[in-house]
Amino acid sequence: MFLDHASTTKVHDTFLKAISSFASMYANPSSNHTEGLEARDLMKRYKKRIIDLVNEFYNTEFTHFILTSGATESINTVFNAFAQEDTYCFTDDIEHKATLESAKKYFYCGGGEYNIFSIKDPKISLPRNYDNVLLSLMTVNNETGMFVYNDKLIDLVYDNIQPKNTLLEVPSPELFIHTDNTQGFMKNKIDLHRCDMMSFSGHKIGTFKGIGGLFLNDRSFEILKKHPLIVGGGHQEGIRSGTENPLFIYALYQLLLEISYSFDNLSYNAKLCNQIARMKLKEIADELNLELVFNSDESCSDYILDFAFKGIEGESVLTMLTKDSLATTSACNSEILESSYVLKALGVPSETANCSLRMSFNNNSIEEVAYFIEHNFKNAIKKLAQMRVRKTK
């Protein structure tokens, strides 16, 4: 049973069919012969369709789409550019490592300044006047499914970056908002009308790994164009050099179109999977007299469920489930054997965090989820609970 879709998803049939149907179009879109021009025209046309579809979905006003290798590259592209301007960076302490490490690398090493604030108790202030402020908030947290991007937090930042001395004519800094939408992309409909930039990874929704993107509006585009992360032939409007891939852009659009058509059904299925999982986990806790903690409350994304049976280590559960796939933490941090920094920042005690497991859904059968928890998962928890009792005697 695969319940680790927050780490990756199976390649979608729609994406594969689109790749196959246009595989014969292999001309370089930078070439000026007929086939190259046809490839360039197809690429521009479907980039525009991707932008239009995403703008309708999220109520955004993006005007540019840059195909990248994934969200990590997209995030690095954003931070690299803004660190070279007179910019102060704010982000929170439960962001993905791609954001946290980018803030440290580009702003600290570049001589700029940044503030990684507590998501539970954000303190926002500027040490001096800046031309720009970059606020980066993930849309959905990858470990708990918590919705991080919200207007209340954006308003807090906006209000606290305004000049304090009204007697002096000091201009307000330009606030630029970036969201890492890796976990929520085409899964959660959120109003992102205030967002200037959005990153995502395609393999979270059914593309090959190594495909992702960065959406930009006009004002953010002007800054990123001045400071590209990858230089060379000036491809993709000067933002990301390297031979462009019309085939991936066409296939990505077909996949996004399919997901948008199926959105209501997919969302409803994820909600049912989440509800049935919560119910079955509670039944196990009651039967085995264990304390169950949900680190994902019911306001979180239905696609992610983080929980813990106190006293039953998450790593031990995974060892027992040799043919099933869950997670104890973000896949990007799985080689680091320490408590989740996300759960720690959210106030989860370390003894609970060490027992935490994450189920993440993606068009799973409700019956399969129920059966897995009632049988394979329950058996693993039962054996580990019995072993714990024997150790205490």
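This text gives an overview of the structure that appears in the document. On a predicted model such as this, the values are computed, not experimentally measured, just so you know.

Cut-off values and rules
- Residues numbered from 1 in each chain as written.
- Predicted model: local features only at pLDDT ≥ 70, side-chain atom pairs only at ≥ 80, totals over all residues.
- Heavy atoms only, no water.
- 1 Å grid on protein atoms, 1.4 Å probe; cavity = no way out; pocket = protein on both sides within 12 Å on 5 of 7 lines; lining within 4 Å.
- Points joined across faces, edges and corners; volume = space filled by probe spheres on them.
- Helix = DSSP H or I, 4+ residues; strand = E, 2+ residues; numbered from the N terminus.
- Nonpolar A, V, L, I, M, F, W, Y, C, P; charged D, E, K, R; others polar.
- Salt bridge = Lys/Arg side-chain N within 4 Å of Asp/Glu carboxyl O.
- Buried < 20%, exposed > 50% of the residue type's maximum accessible area, 1.4 Å probe, protein only.
- Pairing = 2+ DSSP bridges.
- Axes fitted to C-alpha atoms, helices over the stretch in contact; angles between N-to-C directions.
- Contact = heavy atoms within 4.5 Å.

### Some thoughts on the layout of surface pockets
And then number 1: Each pocket or cavity is described by its volume, and for the largest pocket that value is around 530 Å³.
And then number 2: As for the largest pocket, its lining consists of 22 residues, and the residues nearest its centre are Lys10, His12, Leu266, Asn362 and Asn363.
And then number 3: In terms of residue count, helix α7 (residues 246-288) provides more of the lining of the largest pocket than any other element does, 4 residues in total.
And then number 4: Class assignment of the residues belonging to the lining of the largest pocket gives a composition of 9 nonpolar, 7 polar and 6 charged.

### So, the pattern of salt bridges
And then number 1: One pass over the structure, following the stated rule, counts 16 salt bridges.
And then number 2: A salt bridge links Arg45 to Asp41; the shortest N-O distance between them is 2.9 Å. Of this pair, Arg45 and Asp41 both sit in helix α2 (residues 34-58), 4 residues apart, which is roughly one turn of that helix.
And then number 3: Residue Asp41 is classed as partly exposed on the basis of its relative accessible area, which comes to 44%.
And then number 4: Here Asp86 ties to Arg128 by a salt bridge, and the two come within 2.8 Å at their closest N and O atoms.

### Focus on the sheet that holds strand β6 (residues 197-201)
And then number 1: Here we have 7 strands laid out as an open sheet, ordered β1-β7-β6-β5-β4-β2-β3, and mixed in their pairing. At either end of the open sheet lies a strand with only one pairing partner, and these are β1 (64-68) and β3 (113-117). Here the average twist between neighbouring strands, direction ignored, is 15 degrees.
And then number 2: Note: strand β2 (residues 87-92) against β3, 5 bridges, orientation parallel. Of the residues in β3, the one forming a bridge with Phe90 is Asn115.

### What about the sheet that holds strand β10 (residues 356-360)?
And then number 1: Pairing is antiparallel in the open sheet, where 3 strands are placed in the order β8-β9-β10. For this open sheet the edge positions go to β8 (292-294) and β10, each flanked by a neighbour on one side alone. Each adjacent strand pair in this sheet contributes to an overall mean axis angle of 30 degrees, direction not counted.
And then number 2: Lying on the sheet, α7 is in contact with β8, β9 (304-309) and β10; it crosses β9 at an angle near 5 degrees.

### Describing the environment of Thr77
And then number 1: Tracing the backbone shows Thr77 in helix α3 (residues 71-83).
And then number 2: Residue Thr77 is classed as buried on the basis of its relative accessible area of 5%.
And then number 3: Setting aside residues no more than four positions away along its own chain, Thr77 makes contact with Leu214, Leu224, Leu229 and Ile239.

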